[in-house]
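# Structure assessment
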Amino acid sequence: AQVKAPREASEEEARLSPEEVRKVFEENVPGVGNLLYRGQFGSHSLDFLVGAYADGFRAFQGTELAQHLLFSFRFVVHQGHEGTPGIAKYLGEVAEAFTD
């Protein structure tokens, strides 16, 4: 089976510092600082989230999805930074995805 590629995400430039990205998650996702990346002791999901904001997702580098995922991720983080109502739910889902 083939999956239709998602429509193109509009370009979303990185405009937050690593500290600001970290703060967006800390303010919107209770306990995010305790989440472990793939359950690995000492590897915190928050560090990977901050890195993904700047550089994208390593697992998708070189694929057609890389930029789409990067721009979509940045869009959600920017909405959190701007205080968009209800965005905490989505930030929480993204943070939890980094624990699997």
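Here's a quick rundown of the structure. (Residues numbered from 1 in each chain as written. Predicted model: local features only at pLDDT ≥ 70, side-chain atom pairs only at ≥ 80, totals over all residues. Heavy atoms only, no water.)

## Looking at the overall build of the protein
- A tally of helices and strands in the protein yields 4 helices and 0 strands.
- Across the protein, helices and strands are ordered from the amino to the carboxyl terminus as α-α-α-α.
- Residues classed as buried in the protein amount to 33% of the 100 residues present.
- If you take every contact in the protein between residues at least 6 apart in sequence, the share linking residues at least 24 apart comes to 64%.
- With the model as given, the accessible surface of the protein reaches about 6700 Å², and the carbon-plus-sulfur share is 52%. (Helix = DSSP H or I, 4+ residues; strand = E, 2+ residues; numbered from the N terminus. Buried < 20%, exposed > 50% of the residue type's maximum accessible area, 1.4 Å probe, protein only. Contact = heavy atoms within 4.5 Å. Areas by Shrake-Rupley, 256 points an atom, 1.4 Å probe, with all protein chains shown as cover.)

## Quick look at the packing of helix H1 (residues 18–28) against helix H2 (residues 45–55)
- Put simply, H1 and H2 touch, their axes get as near as 9 Å, and they point 130° apart. As summarised for this structure, H1 and H2 are arranged oblique, according to the angle between their axes. Classified by chirality, the crossing of H2 by H1 is right-handed. Contact with H1, carried on its side by Pro 18, Val 21, Arg 22, Phe 25 and Glu 26, involves Leu 46, Asp 47, Leu 49, Val 50 and Tyr 53 of H2 and no other residues of that element.
- Classifying every residue of the contact of H1 with H2 by side-chain character gives 7 nonpolar, no polar and 3 charged. (Axes fitted to C-alpha atoms, helices over the stretch in contact; angles between N-to-C directions. Parallel < 35°, antiparallel > 145°, perpendicular 65-115°, else oblique. Left-handed = near helix turned anticlockwise from the far one by under 90°. Nonpolar A, V, L, I, M, F, W, Y, C, P; charged D, E, K, R; others polar.)

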